[in-house]
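What the coordinates show
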Amino acid sequence: MIPLLSVRRMTRSFYGVQVLTGVDLDIPEGSVTGLIGPNGAGKSTFFNVLSGLYPPDGGRVLLAGQDVTGAKPAQLVKAGMVRSFQLARGFPKLSVFQHLMLYGQAQPGERLWAAITGTKAARQREEALSEEALAVARRLRLDHVIDNPITALSGGQKKLVEIGRALMAHPKLILLDEPMAGVNPTLTEEIAAHLLALNADGITICLIEHDMALIRRLCNPVIVMAEGRKLVEGGFDEVAENRDVQEAYLGRRQ
Amino acid sequence: MLSYLLFTLTIGGIYALLALSLNLIWGGVGMVNLGLAGFFAVGAYATAIVTGAGAPVIVGLGSALLASAIVGLLVTYGTLRLRGDYLAIVTLGLAEVIRLIALNERWLTNGADGMSGIVAPLRSTVGSQAFNLGYLVFVSAVVILMWLLLRRLDHSPFGRAMKAVREDQELAGFAGKPVLRLKLQAFALSAAVAGLAGALYGHFQSYISPDHFQPLITIYIFLAVSAGGVGRPAGAVIGAYAVVAFLEGTRFVAELLPGVDPLQAAALREMLVGAALLLILHLRPQGLLPERIQPARKTRP
């Protein structure tokens, strides 16, 4: 097992409360890793620190062998890690297509001078990206709403856009914070199928989810967090049998 | 009457440049710049000082662009942590600081007396009427050029990234966009355009003083951009000409009213301007030419 992402002794406090107490974990390359744990275990904070929203107080993060400890979100995207949000976020006045295009990396036309002069490189990159964006939209069945502003989409479609735009960045690793939360069962199935297909294409996925049946079906390994650190990891059944995990979720037996 | 018309159209063009500048920074990256009058002043004083020292007008225009872009960069660096209302207040303060510097640093700006005799290119050779016409053509050409340039920017990947910063700067970072660079470049370019407008104003009027750069100008430009449509360069230009037409139009309306003395008429104009802004925001909050979504380029059916 080669870890794509290694986290060592990651700590982070907010206002004197230590939320991450020393996270030590590896995400194997090519896996769909599930991150579960009771409320307040620090899963979302872990994602937030990992994706560069807050710098860690201590610890080290290696992504594909590269030290990315304390890197900014934009640098992490370049290093190959993209995230989604628990509550689907977007740019209200931009269309689905613009969201997809925006996540395309290495567009020379985002430099001021190239944008004004309209260089050939920028034009060619724009064409390539737009082909790709349309393909992603078709794949996620968003092509019929491609010119709609993101605010005009249903909750489920917004979740699909989150996944689609992450794809546009050609990530090695996608961090998904509850990709199925608040989505109807049919769409949950659809999203699950998309995730498996992406994984088959070689993208490593790490997701936070509360639907245990889904975790059981999609994820291996499953990492359980509690009290700001990793409790155990392993296959779903193995983890579910674990006495510590049961106690973390249900409380200690007297 | 003709020279009045030429004058109004030229001022309209200068307002259009200011509106393009505001639209770039406010409609583009979503930074509220209430200090527009300050950048306008920096441009005007820069060219007045440089051409006053004997440099040709073109060098004056260049130094106006440069000086206001530098001030713009300093402001953006100084206010990186501020957003929304707080940035607006700081920029409003900045414009006043610039005006007070112009008022008090007599050695540089001649203080409250203002700087007179700013070179009006070719006026002495072609005469005043021909100069006014020529200058109108020149200013209008600059407006068209600037409009084309900013529209191009608006439709480019740079414009898309800018709008992402406007909508959610944090999320733009998670999309891999260099938020800081985009803000700095947009603000510097916007400041430079406002400075250019100031320089054109200076050479047109031949005389500038701190009184010319009251915050009211900034309010007029906000009115223009709101009326025209935030986020679309064409809207800003149309809005600016509409505001100048409205400002000049109310002058006549106020005069036509019986039993109103000139002082009351002036106050009435200000009220009409305020009422117009309210009316526009109420009836057409998105402006005359609202921002449009660029449709996807469908290369295959």
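Residues numbered from 1 in each chain as written. Chains lettered and ligands numbered in written order. Predicted model: local features only at pLDDT ≥ 70, side-chain atom pairs only at ≥ 80, totals over all residues. Heavy atoms only, no water.

Residues and elements named next belong to chain A. Counting through the fold element by element, Lys 43 comes out in helix 1 (residues 43–50). Within the buried core, Lys 43 has no salt-bridge partner, and the shortest N-O distance to an opposite charge, that of Glu 178, equals 6.2 Å. Not counting residues within four places of it along the chain, the set of residues in contact with Lys 43 comprises Leu 35, Ile 36, Gly 37, Pro 38, Ile 208, His 210 and Met 225. (Helix = DSSP H or I, 4+ residues; strand = E, 2+ residues; numbered from the N terminus. Buried < 20%, exposed > 50% of the residue type's maximum accessible area, 1.4 Å probe, protein only. Lys, Arg positive; Asp, Glu negative; His and termini not counted. Salt bridge = Lys/Arg side-chain N within 4 Å of Asp/Glu carboxyl O. Contact = heavy atoms within 4.5 Å.)

Two aromatic rings are characterised by how far apart their centres lie and by the angle between their planes. By the definition in use, this model includes 14 aromatic pairs over all chains. Between the aromatic rings of Phe7(B) and Phe204(B), the centroid separation amounts to 5.8 Å while the plane-to-plane angle is 25 degrees, which identifies the pairing as stacked. Taken together, the residues Phe7(B) in helix 1 (residues 2–28) and Phe204(B) in helix 10 (residues 179–205) connect sequence positions 197 residues apart. Classification of Phe7(B) by relative accessible area gives partly exposed; the value is 34%. Taking the relative accessible area as the measure of exposure, Phe204(B) reaches 5% and is therefore buried. Above the plane of the ring of Phe85(A) lies Arg83(A), whose end atom (NZ or CZ) is 4.2 Å from the centre. The lysine or arginine in question, Arg83(A), covers the ring of Phe174(B), its NZ or CZ lying 5.6 Å from the ring centre. (Phe/Tyr/Trp six-rings, centres within 6.5 Å; stacked < 30°, edge-to-face > 60°. Lys NZ or Arg CZ within 6 Å of the ring centre and 35° of its normal.)

On to the sheet that holds strand 1 (residues 3–14) of chain A, then. Sheet strands pair by backbone hydrogen bonding; their relative direction is either parallel or antiparallel. Residues and elements named next belong to chain A. Taking strand neighbours across the sheet as the criterion, the four strands line up as 2-1-4-5 in an open arrangement whose pairing is antiparallel. The open sheet has two free edges, formed respectively by strand 2 (17–28) and strand 5 (66–67), since each of these has just one partner strand. When strand 1 meets strand 2, the two strands line up antiparallel, connected through nine bridges. The residue bridging Arg 12 from the neighbouring strand is Leu 20, located in strand 2. (Pairing = 2+ DSSP bridges.)

Looking now at helix 5 (residues 120–139) of chain A. Taking 1.5 Å as the rise per residue, helix 5 of chain A with 20 residues should run 28 Å; its terminal C-alpha atoms sit 29 Å apart, in good agreement. Taken together, the buried positions of helix 5 of chain A are occupied by Ala122(A), Glu126(A), Leu129(A), Ser130(A), Ala133(A), Leu134(A), Val136(A) and Ala137(A). Axial view of helix 5 of chain A: buried residues confined to an arc of 160 degrees, hence all on one face. Along its buried surface, helix 5 of chain A packs onto helix 3 (96–103) and helix 6 (155–168) of chain A together with helix 8 (157–167) of chain B. Looking one or two places after helix 5 of chain A, you find Arg141(A), whose phi comes out positive at around 55 degrees. (Expected span 1.5 Å × (residues − 1). Arc of directions from axis to C-beta.)

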